[in-house]
Amino acid sequence: MLLDLVRRGQRHGYLPEDEGDDDLASTACPTFCAVAYPALWAVADSAAIRHWSNAASPGGPSPDVDIPVQYRHILVMAIRMTLDASQSPTALEAYRRLKGDIVRGHYAPAEKLAMSQLKSRYMIGVGPLREALTRLIGEQLVTGISQRGYRVAPMSIAELEAIYDARAELEGLLIRLAIERGDDEWEAAILARAHTLSKIDRVQDADEMLERWDTRHQALHDAMVAGCGCPPLLQARAALFDQAQRYRHLWLRQTVFSEQALADKQREHQALLETILSRDAPAASRLMREHLMTPVPIIRERLEERGWI
């Protein structure tokens with residue numbers, strides 16, 4: 001438990017990361033002292049308070065003060081109290097975490113979302129969870145059944161094809177407008193994003209690799225349509241992207257971890273880039289539609305494999 005809490009303290013900046021494990025609980029950094037010192041006073045016995053405060057400055061313990069072994073448990077208690085106080089769960093946090101799990105497939109389509117299980121998984125109260133679920137109903141990721149709770153929204157081939165068809169048509173329109181209206185800065189931004197995507201390095205952590213590639217991939221596509229100069233159409237695009245996320249994540253995992261699939265995507269992006277920069281609007285619009293529709297067969301296959309349709 002000690003090491004776990006100290007690691008949590010490290011992640012939140014309360015303890016330094018460059019100390020050995022045996023030293024972690026006996027070293028206090030300024031950030032931790034400023035935040036956790038009141039908690040220390042609340043939980044420590046008077047002897048521990050005297051011992052630590054005797055060597056401390058008026059504003060709290062010095063970063064150089066060593067905490068004796070017999071008092072290190074107090075430090076750990078202070079970490080726990082500090083983290084609990086600083087991480088009050090909110091409806092926004094509940095929404096983000098629950099949505100992330102639904103998009104990543106942690107919950108299967110039509111799976112019942114029992115409030116007791118949600119409370120246990122996210123350590124969040126009923127109030128914030130209900131707010132989050134209501135918001136996710138509006139985004140068509142969750143369905144609410146009167147007097148029967150909540151379920152993950154179902155998935156279907158018809159919905160998959162409808163969403164992707166709408167995205168492809170709209171993206172083709174936006175590319176045409178961007179080519180007609182975009183300036184030199186727009187072109188430069190596209191080139192910069194394309195270069196950033198091509199330079200991505202593989203990392204050991206699969207989720208980190210997926211997130212890193214997808215962030216740069218989305219940035220490239222955002223740059224391509226940014227020159228359209230039409231905020232309402234860009235808002236509609238964002239809404240369609242949000243609806244596609246659950247389906248799109250299945251394609252992402254199939255693509256990012258395949259050298260061949262990534263090479264194919266790079267060739268598609270290069271062809272798009274050349275067509276856009278040559279200001280060939282009809283060709284760019286056609287290529288964009290084809291590019292956005294390529295994930296559909298892959299997603300359909302993954303849905304069938306998982307028995308989700």
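The structure reproduced in this document is the subject of the present report. The structure displayed is predicted, hence computed values, not measured ones.

## Remarks on the packing of aromatic side chains
Evaluation of the coordinates by the stated rule reveals 1 aromatic pair. Its end group placed over the ring of Tyr95, Arg135 keeps NZ or CZ at 3.7 Å from the ring centre. The aromatic ring of Tyr164 is capped on one face by Arg167, whose charged end is 5.2 Å from the ring centroid.

## Digging into the state of the cysteines
Applying the stated criterion across every chain yields a total of 0 disulfides. Residue Cys230 stays outside any disulfide, its sulfur separated by 5.7 Å from that of Cys228, the closest cysteine.

## Re the pattern of salt bridges
In the structure shown here, the tally under the stated rule is 20 salt bridges. Across the salt bridge formed by Asp165 and Arg289, the nearest N and O atoms sit 3.0 Å from each other. In this pair, Asp165 sits in helix H9 (residues 157-181) while Arg289 sits in helix H14 (residues 281-293), placing the two residues 124 residues apart along the sequence. Between Asp214 and Arg248 there is a salt bridge whose closest N-O contact spans 2.5 Å.

The rules we used
- Residues numbered from 1 in each chain as written.
- Predicted model: local features only at pLDDT ≥ 70, side-chain atom pairs only at ≥ 80, totals over all residues.
- Heavy atoms only, no water.
- Phe/Tyr/Trp six-rings, centres within 6.5 Å; stacked < 30°, edge-to-face > 60°.
- Lys NZ or Arg CZ within 6 Å of the ring centre and 35° of its normal.
- Disulfide = S-S within 2.5 Å.
- Salt bridge = Lys/Arg side-chain N within 4 Å of Asp/Glu carboxyl O.
- Helix = DSSP H or I, 4+ residues; strand = E, 2+ residues; numbered from the N terminus.

Shape descriptors only; they carry no functional weight alone.
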